[in-house]
Amino acid sequence: MTPPPASDLDLFADEVLVDPYPVYAELRELGPVVHLPQNDVYALTRYDVIRGALADWESFSSTSIAFNPMANEALTGTSLASDPPVHTQLRATLTENLSPRALRGLKGGIEAKADALVAELVEKGSFEAIDALARAFPLEVVADLIGFEGHVRDNMLRWGQAAMQVLGPMNQRTAENFPIAGELYGWCSEVKADDLTEGSVGRGIFDAEARGTIPPGTAGHIIHQYLGAGVDTTIAAIGNIVALFAAHPDQLDLVRANPSLVPAAFNEVLRFWAPIHAWGRRATKDVDLDGTVIPAGAQIAILLGAGNRDPRHYENPDAFLVERNPVDHLSFGYGPHGCAGQGLARLEAHAVIEAFSRRVKRLVVGPEVRVASNITRSIEELPVLEVISA
């Protein structure tokens, strides 16, 4: 058994975070597992190895999803950072409100909201796509769903971004965001059913706690997950939809000509630009991957975006092609920890793509601005200069 190849690359350097794809290609060529001493992690780089690790919770534990011990300690007891059987029970309550049946009732409202917002922006003719759409839309959907009111609504963006930043290594970004993530954590540990709108999913989680379906004191943890894990990533995905369709008008034409391509188009957006840069796991024992050994106790970095562009799995992976329909992309994870909120994210994104394909022929955009961020890779600013209506 041989140790994996090593690279002196810093996975969390600003330039890597802003555009990781050249680095992903380099690491994939080195091997399916690459040791990065700078970050003290073993990076998983290829599709098959990543999918296998995500499915194998016994060898790759979720008790270390963050790249610093403080965040992992703070997340103890959440479904994100636990393994079965604890994970199974916590997740059941989280997904109960996110099942296809539960979401069916929301579909019409979400579609109407997206259509009205896109119609208003198209009418304006120019707008800032991230603030006006990518942030505004999911923030409103999640706030209504969970029943957030008042100051919580106002803080959702800050809290959601900080909750992802603090999962990085102990760099400046992580340090600066700990106090903000602490505000969210503090609010979630004190929130009561009465703080949430009657009839909301948030109220339903407290009902489940009262019935004994979930352990006492875990309702706040579950609500934390809706905001901490679900908001920033959806914002990233919706920003990517606008940027990719602006850059590839021929692909928007295909969706406009064939609206049944909407789900395929979103799968390709997620594959092409993964909203999450790196996600953590801990090796519970020595793990043999393709003949190289990851030592027990090692911190793992799962590079979802590297797997999504692996030419061993996807033909012509660096092309954005909506007809590809990569239903097996890795951006929602896989296995027991596959993204619990993916049904809601799909509802929101499909509604945006449908509204765009109906109302927009071409988008003329200015340069996109990206800012280095530890975990979520998203566009910070994207000016839409002109809309050519369909």
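Before reading on, note that the structure itself is shown above.
So, a few notes on the structure that sits alongside this text. Because the structure is predicted, anything quoted here is derived from the model rather than measured.

## Concerning helix α13 (residues 262-272)
In terms of burial, α13 is a largely internal element, 10 of the 11 residues being buried. Buried residues of α13: Val262, Ala264, Ala265, Phe266, Asn267, Glu268, Val269, Leu270, Arg271 and Phe272, and no others. Residues of α13 that are buried in the fold lie against α2 (21-30), α11 (219-247), α12 (249-257), α14 (304-308) and α15 (342-359).

## Let's talk about the packing of aromatic side chains
This model, assessed by the stated rule, comprises nine aromatic pairs. Between the aromatic rings of tryptophan 159 and tryptophan 187, the centroid separation amounts to 6.2 Å while the plane-to-plane angle is 35°, which identifies the pairing as tilted. Taken together, the positions of tryptophan 159 in helix α8 (residues 150-165) and tryptophan 187 in helix α9 (residues 172-190) put the pair 28 residues apart, joining distant regions of the chain. By the ring-pair criterion, three or more aromatic residues cluster together here, those being Phe245, Phe272, Trp273 and Phe320. It is arginine 309 that lies over the ring of phenylalanine 272; its NZ or CZ is 4.1 Å from the centre.

## Some words on empty space enclosed by the protein
For the structure shown, the criterion picks out two cavities of 30 Å³ or more. In this model, the largest cavity occupies a volume close to 640 Å³. Forming the walls of the largest cavity are 35 residues, and the residues nearest its centre are Ala229, Thr233, Cys339, Ala340 and Gly341. Looking at the lining of the largest cavity, the elements with two or more residues in it are α5 (86-96), α11, α13, β5 (279-283) and α15. Here the residues of the lining of the largest cavity sort into 21 nonpolar, 11 polar and three charged. Volume-wise, the second largest cavity comes out at about 30 Å³. If you go around the second largest cavity, the residues you meet are Leu17, Val18, Arg370, Val371, Ser373, Thr376, Arg377 and Ser378.

## Quick look at the sheet that holds strand β4 (residues 127-128)
A sheet is described by the order of its strands in space; here three strands give the open sequence β4-β12-β9, paired in antiparallel fashion. Two strands in the sheet have a free side with no partner beyond their single neighbour: β4 and β9 (360-365). Of the pairings in the sheet, the one linking β9 to strand β12 (residues 383-389) comprises five bridges and is antiparallel in character. Considered in β12, the bridge of valine 365 is made with valine 384. α15 contacts β9 and β12 of the sheet and is inclined by roughly 100° relative to β9.

## A short note on the sheet that holds strand β3 (residues 60-61)
Strands sit in the order β1-β2-β8-β5-β3 across an open sheet of five strands; the sheet is mixed. Each edge of the sheet is formed by a strand with only one pairing partner; in this case those strands are β1 (33-36) and β3. Where β1 and strand β2 (residues 41-44) come together, four bridges link them in antiparallel fashion. Bridge assignment links leucine 36 to a residue of β2, and that residue is valine 41.

## Points about helix α7 (residues 129-146)
Here α7 contains 18 residues, and its C-alpha end-to-end distance of 25 Å stays within 8% of the 26 Å for a straight helix at 1.5 Å per residue. The largest bend in α7 amounts to roughly 35° and is located at alanine 136, with the proline proline 138 lying one to four residues further along. Burial runs high along α7: 13 of the 18 residues are buried. With its phi angle positive at about 95°, glycine 147 sits one or two positions after the end of α7.

## Observations regarding the side chain of arginine 135
By the element assignment, arginine 135 lies in helix α7. On the basis of relative accessible area, arginine 135 is assigned to the buried category, the value being 9%. Reaching out from arginine 135, the side chain makes a polar contact with the side chain of aspartate 131 at a distance of 2.8 Å. Contact partners of arginine 135, with chain neighbours within four places excluded, come to Ile130, Leu157, Gln161, Ile235 and Glu380.

## Section: the nonpolar core
One recurring pattern in soluble globular proteins: nonpolar side chains tend to sit buried together. Residues Leu44, Leu133, Phe148 and Ile294 are the most contacted members of the largest nonpolar core, which totals 136 residues. Of the residues forming this core, the biggest block, 15 residues, is contributed by α11. Residues in contact with isoleucine 294, not counting those within four places in the same chain, are Val33, Tyr42, Leu44, Phe60, Ala283, Lys285, Asp286, Val287, Leu289 and Ile300.

Calculation rules
- Residues numbered from 1 in each chain as written.
- Predicted model: local features only at pLDDT ≥ 70, side-chain atom pairs only at ≥ 80, totals over all residues.
- Heavy atoms only, no water.
- Buried < 20%, exposed > 50% of the residue type's maximum accessible area, 1.4 Å probe, protein only.
- Helix = DSSP H or I, 4+ residues; strand = E, 2+ residues; numbered from the N terminus.
- Contact = heavy atoms within 4.5 Å.
- Phe/Tyr/Trp six-rings, centres within 6.5 Å; stacked < 30°, edge-to-face > 60°.
- Lys NZ or Arg CZ within 6 Å of the ring centre and 35° of its normal.
- 1 Å grid on protein atoms, 1.4 Å probe; cavity = no way out; pocket = protein on both sides within 12 Å on 5 of 7 lines; lining within 4 Å.
- Points joined across faces, edges and corners; volume = space filled by probe spheres on them.
- Nonpolar A, V, L, I, M, F, W, Y, C, P; charged D, E, K, R; others polar.
- Pairing = 2+ DSSP bridges.
- Axes fitted to C-alpha atoms, helices over the stretch in contact; angles between N-to-C directions.
- Expected span 1.5 Å × (residues − 1).
- Bend = angle between axes of the 7 residues up to and from the residue.
- Polar contact = N/O pair within 3.5 Å; in protein donor to acceptor, adjacent residues only side chain to side chain.
- Core = buried A, V, L, I, M, F, W, Y, C linked by side-chain atoms within 4.5 Å.

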